[in-house]
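Single-letter residue listing:
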Amino acid sequence: MTELRTRMIRDMTLRGFSPRTHESYIAAVVHLARHYRRSPEQLTNEEVQAYLLHLVQHRKLAWATCSLAVNAFRFLYHVTLERDRTDFRVPAPKVPQKLPEILSREDVWRLINAASAPTHRLLLATTYAAGLRVSELVALKVSNIDPERLTIHVEQGKGGKDRYVPLADRLLVELRRFWRVVPPAHWVFPNRQGTRPIDISSVQKIYTMTKLQAGIRKQGGIHALRHAYATHLLEAGTDLPTVQRLLGHQHLSTTMRYFHLSQRRVLGTRSPLDLPQPPTA
């Protein structure tokens, strides 16, 4: 490990960045160094900006990938190397904002029932029942499950924030049934060796495989279960601030998007043409 990488990791650790952010930022800097075949310390700001343009115009990477590289380079040069601030940037994407395809409640049950293994069934049910991000799911510990208070403690979610979500009665039954066969250890969903949590890539593969087995053709990865969780809560009458807290959103505007995804709320709204005709009309 080079001194620069060590310093950058130290600075990210001091600021509470997640392990996934560590990996993403380091990977972006490594690719920059390989492109120029020089240490990032030797590169000028103009060379860094030229590399970002190369990612957009020649490699045609997704805007999210390029934006991540921007943030990584800003951190490296402004924080770790303490250079004067330079506004590295990539052009904003000019693409239509599409709403995700939402799984219906019927879709969710078809998905869970189509799981080929008890572990897969429990994994999918837990994701939906608690509205978890995939990173929160894999980090879930047995000690986070509180059957007395019927809560799940989500530790260090997005933004490094903890929160509590309800533990569904059905999920508790599923957990106890599974643990009678496979006694719990540390992680709720460990890898095969039991030494660490299951990999996120493995979780995505389980979701994709089970979705195909269930005959569901809607697009998206396992995050679709979190979308479904929020949308189904709104359709059941849960107020928006409560859904915001359950999802761990910092801003209510982030949760507001689920109003657009709630078909009962949108399609159940009366057209103004159906309102009573004004007396003077």
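Structure shown above.
Residues numbered from 1 in each chain as written. Predicted model: local features only at pLDDT ≥ 70, side-chain atom pairs only at ≥ 80, totals over all residues. Heavy atoms only, no water.

Asks: An account of the environment of Ile-112 is requested, with residue identities and associated values reported.
Replies: With respect to the helices, strands and loops of the structure, Ile-112 is situated in helix α5 (residues 105-113). Between the C-alpha atom of Ile-112 and that of Ala-214, which follows or precedes it by 102 residues, the distance is 8.6 Å. (Helix = DSSP H or I, 4+ residues; strand = E, 2+ residues; numbered from the N terminus.)

Asks: Account for the pairing of strand β2 (residues 151-154), with residues named and values stated.
Replies: The two faces of β2 match: Thr-151 and His-153 on one face and Ile-152 and Val-154 on the other face are all buried. Between the end of strand β1 (residues 145-146) and the start of β2, which pair antiparallel, lie 4 residues, with Leu-150 showing a positive phi angle near 55°. Here 4 bridges tie β2 to strand β3 (residues 163-166), and the two strands are oriented antiparallel to one another. From the neighbouring strand, Ile-152 faces β3, where its bridge partner is Val-165. (Buried < 20%, exposed > 50% of the residue type's maximum accessible area, 1.4 Å probe, protein only. Pairing = 2+ DSSP bridges.)

Asks: Can you explain the packing of helix α6 (residues 118-130) against helix α9 (residues 200-213)? Please cite residues and give values.
Replies: Working note: a packed helix pair is described by the angle between its axes plus the distance between those axes. Interaxial distance between α6 and α9 falls to 11 Å at its minimum, and their mutual angle equals 100°. Classed by the angle they form, the pair α6 and α9 counts as roughly perpendicular. Residues His-120, Leu-123 and Leu-124 of α6 pack against Val-203, Ile-206, Tyr-207, Met-209 and Thr-210 of α9. Considered class by class, the residues forming the contact of α6 with α9 number 6 nonpolar, 2 polar and no charged. (Axes fitted to C-alpha atoms, helices over the stretch in contact; angles between N-to-C directions. Parallel < 35°, antiparallel > 145°, perpendicular 65-115°, else oblique. Contact = heavy atoms within 4.5 Å. Nonpolar A, V, L, I, M, F, W, Y, C, P; charged D, E, K, R; others polar.)

Asks: Explain the layout of surface pockets to me, using residue names and the numbers behind them.
Replies: By volume, the largest pocket is sized at about 1,500 Å³. What lines the largest pocket is a set of 44 residues, and nearest its centre among them are Ser-18, Arg-20, Ser-135, Gly-157 and Lys-158. For the lining of the largest pocket, the secondary structure elements donating two or more residues are α2 (19-36), α7 (134-138), β2, α10 (223-235) and α12 (252-261). Per element, the largest residue contribution to the lining of the largest pocket is 6 residues, and it comes from α2. There is about 560 Å³ of room inside the second largest pocket. Taken together, 20 residues form the lining of the second largest pocket, with Trp-109, Tyr-128, Ala-129, Ala-168 and Arg-170 sitting closest to its centre. Sorting the residues of the lining of the second largest pocket by element identifies α5, α6, α8 (169-181) and α10 as the ones contributing at least two each. Residues belonging to the lining of the second largest pocket are distributed by class as follows: 14 nonpolar, 1 polar and 5 charged. (1 Å grid on protein atoms, 1.4 Å probe; cavity = no way out; pocket = protein on both sides within 12 Å on 5 of 7 lines; lining within 4 Å. Points joined across faces, edges and corners; volume = space filled by probe spheres on them.)

Asks: Describe α10, and please don't skip the residues or the numbers.
Replies: Within an α-helix, residues lying three or four positions from one another point in the same direction, as the helix has 3.6 residues per turn. The terminal C-alpha atoms of α10, which comprises 13 residues, lie 19 Å apart, in line with the 18 Å expected from a rise of 1.5 Å per residue. Judged by how many residues are buried, α10 sits mostly within the fold: 10 of 13 residues are covered. Note on α10: the residue one or two positions beyond its end, Gly-237, has a positive phi of about 105°. (Expected span 1.5 Å × (residues − 1).)

Asks: With reference to specific residues and values, describe the packing of aromatic side chains.
Replies: Applying the stated criterion to the full structure yields 5 aromatic pairs. Aromatic pair Phe-17 and Phe-75: ring centres 5.2 Å apart, planes at 50°, arrangement tilted. Placement of Phe-17 in the loop between α1 (3-14) and α2 and of Phe-75 in helix α4 (residues 63-80) is noted, with a sequence separation of 58 residues between them. Taking the relative accessible area as the measure of exposure, Phe-75 reaches 6% and is therefore buried. Measuring from ring centre to ring centre gives 6.0 Å for Tyr-51 and Phe-73, while their planes differ by 55°; the resulting arrangement is tilted. In this pair, Tyr-51 sits in helix α3 (residues 45-57) while Phe-73 sits in helix α4, placing the two residues 22 residues apart along the sequence. A relative accessible area of 4% means that Tyr-51 is categorised as buried. Phe-73 gets classed as buried once you look at its relative accessible area, which sits at 0%. By the ring-pair criterion, three or more aromatic residues cluster together here, those being Phe-17, Tyr-25 and Phe-75. Over the ring of Tyr-164 we find Arg-149; its NZ or CZ atom is 5.4 Å from the centre of that ring. (Phe/Tyr/Trp six-rings, centres within 6.5 Å; stacked < 30°, edge-to-face > 60°. Lys NZ or Arg CZ within 6 Å of the ring centre and 35° of its normal.)

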